[in-house]
Every structure is written in structure tokens, then in C-alpha cells.
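# Chain and residue survey
One letter stands for each residue in the lines below.
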Amino acid sequence: MSITFSEFKDQAKKILNIDLDGYKLDRVERRTKSLMRRYDVADFKECINLIESDSKFKEAYLNHFTINTSEFFRNPESFEFLKKNVLPELIQRKNKLRIWSAPCSNGCEPYTLAIILKELGLSSNRFEIYASDLDPEILNKAKRGLYRENALKNVSDSRMRKYFTEDSSKENFYHLSNDIKKMVNFEQKDLINGRFDRNWDLILSRNFFIYLTKEMKDQLIKKFLSVLNSDSYFFLGNTEYIFSADKYNLKKVYQSIYKYNNN
Ligand SMILES: C[S@@+](CC[C@H](N)C(=O)[O-])C[C@H]1O[C@@H](n2cnc3c(N)ncnc32)[C@H](O)[C@@H]1O
């Protein structure tokens, strides 16, 4: 006998150990159905059986459910603002900057920050960049640092020459230089259930809130702000807004960059 999507979701939550209720459920249902079509899975019951018994299918479900798209200098004007305004101000004020990209997907975002800090001439003992994601597969890709051309469309020619080398066998794939790779520390973390480290000066949580319910978004904003230092910055994706930012002690300084002050 088949089961409803709601029953599927409750069983999948337990097997995958992910709080699916925090995500927009109509989207989770759409993504589940499109994967079922791709794998020719008859109904939700068969889908749950496969998630439980077939580790390859489980991995495919997780990959499909979490969209991993990312690119270097995504919304370049916001990164330019960060480079010209936010980072110089933080560098002047702080001895050591702590930056967290969460979720970081394939690493394009934290590596973009690493490139910017290198160009600002900040020595490596004056900053730490941490980057986390739920998906262990994508973190392996991030650590590898091999990117297809389409993730590099906002990277200027001079940056391409400085930080990337074309792969010798795969056409249109580029390796990020080790200099930049070693500036970022990666870690697997579920942002919904996981515990957060404290004391951050800049948190990037970009293109993730769009997948969450309003309640989960509100809960997570508060969770991020509870570990962000006062007078520090919170950077969202360009299509993600915080309505009534002052309710969270946030002040918008540019597009989707907010300054947090809880004094
Ligand atoms: C679209 S990517 C965002 C990447 C990057 N921040 C950017 O804007 O380019 C969304 C990421 O969220 C991750 N994700 C989904 N649910 C998560 C959770 N509960 N905890 C941590 N990461 C999660 C996915 O694995 C995916 O890599």
C-alpha cells in the first residue's frame, strides 16, 4: 500500500536525519517527484524503501534535494562592496577576523573571500575563513578545487591568470591555486540541527534561506546573530531580504549586506 507525501516526509526525516519540516514543503515534494521520475520510482512508498536500502539512491536523493549551484564572485557588486568597505573597516578594527560561509556548497564563495583577502594584503595570521555545508560530497569537491568554466564567469582575466590553471585532460575545467585553497577550512555541518561556534565578524549565509519556511528562516537568523559579534556583518543572497531588519538589530548597508549591533 502506498503512502502520502506527508507520511513519506516523516519517515524520510528519520532515515536522513534532516529536519525536512524546516524547508518549504511544496518544493521538497516537487524535488522528490522529479527524482522519482528520473529513477522510474512508482510511488512514495518505493521511494522511502530505496532511500532506506540503497545507499546510492539515498545519496542521489540528498544531492537532488539540496541544490548545490554556486559560483565565484556571485553578485560581483556585493563582493566589491565587501572589498572596498566592509573588510577594510573590519581589518582596521580587529586584530584577527573570523569569517564563516554557511552553507558554502562547492567552495566558490569562501574561496572568493580568500582571493579578496589576499588582494587586500592581509597576512594569514590575521584571519580565519571557515566554510560548512550539510552535503559531504560537495565538501569533497570544494576541497578538491576543480571548477567548470561556468562557475568562473565573474572571474576577471587577470584573476584567472593569477589563481587558476586549466586542467590538462578535462576541457573547460580549471584548478584553483593551492595558495588560495589552503586559506579555507571546511567542515560538515547541518545548520538546522547543528551547534554553532561563536565570535564571528562576518557570516555569509547566501542562497539558502530561499529554501526554508518563514519560521525556520526567522529561527536561523536569530541563531546566526547569537554567534555574530556586535558591529559585525551578515551577508545574504541578493534575492533574500530581511523584513523589519531593525527587529533583529540589523541595519542594511548594501543590497543584502547587514550590519549587526546589539549594544
Ligand atoms: C545554493 S547552495 C548556496 C551556496 C553558496 N552560499 C552560494 O550562495 O553560492 C545551497 C547549499 O545549502 C546546503 N544545505 C541545504 N540544507 C542544509 C542544511 N540543513 N545545513 C547546511 N547546509 C545545507 C546544500 O547542500 C547546498 O550546498
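Keep in mind it's a predicted model, so treat the numbers as computed, not measured.

Omega for the peptide link from alanine 102 to proline 103 comes to 0°, which places this bond in the cis form. Relative to the helices and strands, proline 103 is located in the loop between β1 (97–101) and α6 (108–119). Phi is positive for glutamine 255, which is not a glycine, with a value near 25°. Along the chain, glutamine 255 turns up in the loop between β9 (250–254) and β10 (257–260). We classify glutamine 255 as partly exposed; its relative accessible area is 34%.

Pairing is mixed across the open sheet formed by 7 strands, whose spatial order is β6-β2-β1-β7-β8-β10-β9. Both outer strands of the open sheet, β6 (184–188) and β9, are each paired with one neighbouring strand and no more. Within this sheet the neighbouring strands show an average axis-to-axis angle of 20°, counted without direction. Both β1 and strand β2 (residues 127–133) contribute to a ladder of 5 bridges, which runs parallel. Looking at the pairing, tryptophan 100 lines up with tyrosine 130 of β2. Across the sheet, helix α7 (residues 136–144) touches β2 and β6, and the angle it forms with β6 is around 165°.

With that settled, the discussion passes to the packing of helix α1 (residues 5–16) against helix α3 (residues 44–53). Following both chains from N to C, one finds α1 and α3 inclined at 5°, their axes separated by 10 Å at the closest point. The orientation of α1 relative to α3 falls into the category roughly parallel. Here Phe5, Phe8, Gln11, Ala12, Ile15 and Leu16 of α1 lie close against α3, whose contacting residues are Phe44, Cys47, Ile48, Ile51 and Glu52. Within the contact of α1 with α3, the residues separate by chemical class into 9 nonpolar, 1 polar and 1 charged.

What surrounds the ligand is a group of 21 residues, the closest being Tyr23, Ser70, Arg74, Asp133 and Asn207. Between tyrosine 23 and the ligand, the recorded distance is 2.7 Å, taken from a side-chain N or O atom to a nitrogen atom. One nitrogen or oxygen atom from the main chain of leucine 134 is found 3.2 Å from a nitrogen atom belonging to the ligand. Considered on its own, the ligand offers 610 Å² of accessible surface; in the complex 99% of this is hidden by protein.

This paragraph deals with the nonpolar core. Counting 46 residues, the largest nonpolar core has Phe8, Tyr23, Leu220, Phe224, Phe234, Ile242 and Leu250 as its most contacted members. The leading source of residues in this core is helix α10 (residues 214–225), at 5 residues. Mapped onto the domain boundaries, this core takes at least three residues apiece from domain 1 (5–65) and domain 2 (76–260). If near-sequence neighbours (up to four positions away) are discounted, tyrosine 23 is found in contact with Ile18, Val28, Phe65, Leu134, Ile192, Phe208, Tyr211, Leu212 and Thr213. Listed in part, the 43 residues of the second largest apolar core include Val86, Met160, Val184 and Tyr233.

Rules used in this analysis
Residue numbering note: each chain is counted from 1, following its sequence as written. Owing to the predicted nature of the model, reporting of local features is limited to residues with pLDDT of at least 70; listing and counting of side-chain atom pairs is limited to 80 or more, with chain, interface and lining totals taken over all residues. To obtain the side-chain values, all non-hydrogen atoms of the structure were included, while hydrogens and water were left out. A helix here means a DSSP run of H or I that spans at least four residues, while a strand means a run of E at least two residues long, and both kinds are numbered starting from the N terminus. A simple rule labels every residue: compare its accessible area, found with a 1.4 Å probe on the protein chains alone, to the largest value its type can have, and call it buried under 20%, exposed over 50%, or partly exposed in between. Pairs of strands are assigned from DSSP output, requiring at least two bridges between the strands. Angular values range over 0 to 180 degrees, each being the angle between N-to-C directions of two axes fitted as lines to C-alpha atoms, with helices fitted over their stretch in contact. What makes two residues a contact is simply this: any of their non-hydrogen atoms within 4.5 Å. Between 65 and 115 degrees an angle is taken as roughly perpendicular, under 35 as roughly parallel, over 145 as roughly antiparallel, and anywhere else as oblique. Side-chain classes follow a simple rule in which Ala, Val, Leu, Ile, Met, Phe, Trp, Tyr, Cys and Pro form the nonpolar group, Asp, Glu, Lys and Arg form the charged group, and the remainder, Gly included, forms the polar group. If a single non-hydrogen atom of a residue is within 4 Å of a molecule or strand, that residue counts as near it. A 3.5 Å cut-off defines polar contacts: any pair of N or O atoms within that distance qualifies, except that in protein one atom must be a possible hydrogen donor and the other a possible acceptor, and neighbouring residues in sequence count only when both atoms are side-chain atoms. Computed with the Shrake-Rupley method and a 1.4 Å probe, the accessible areas treat only the protein chains shown as cover for residues. Definition used in this section: a nonpolar core is a set of buried Ala, Val, Leu, Ile, Met, Phe, Trp, Tyr and Cys residues joined via side-chain atoms within 4.5 Å. Domain start and stop positions are those given by an automatic or database domain assignment.

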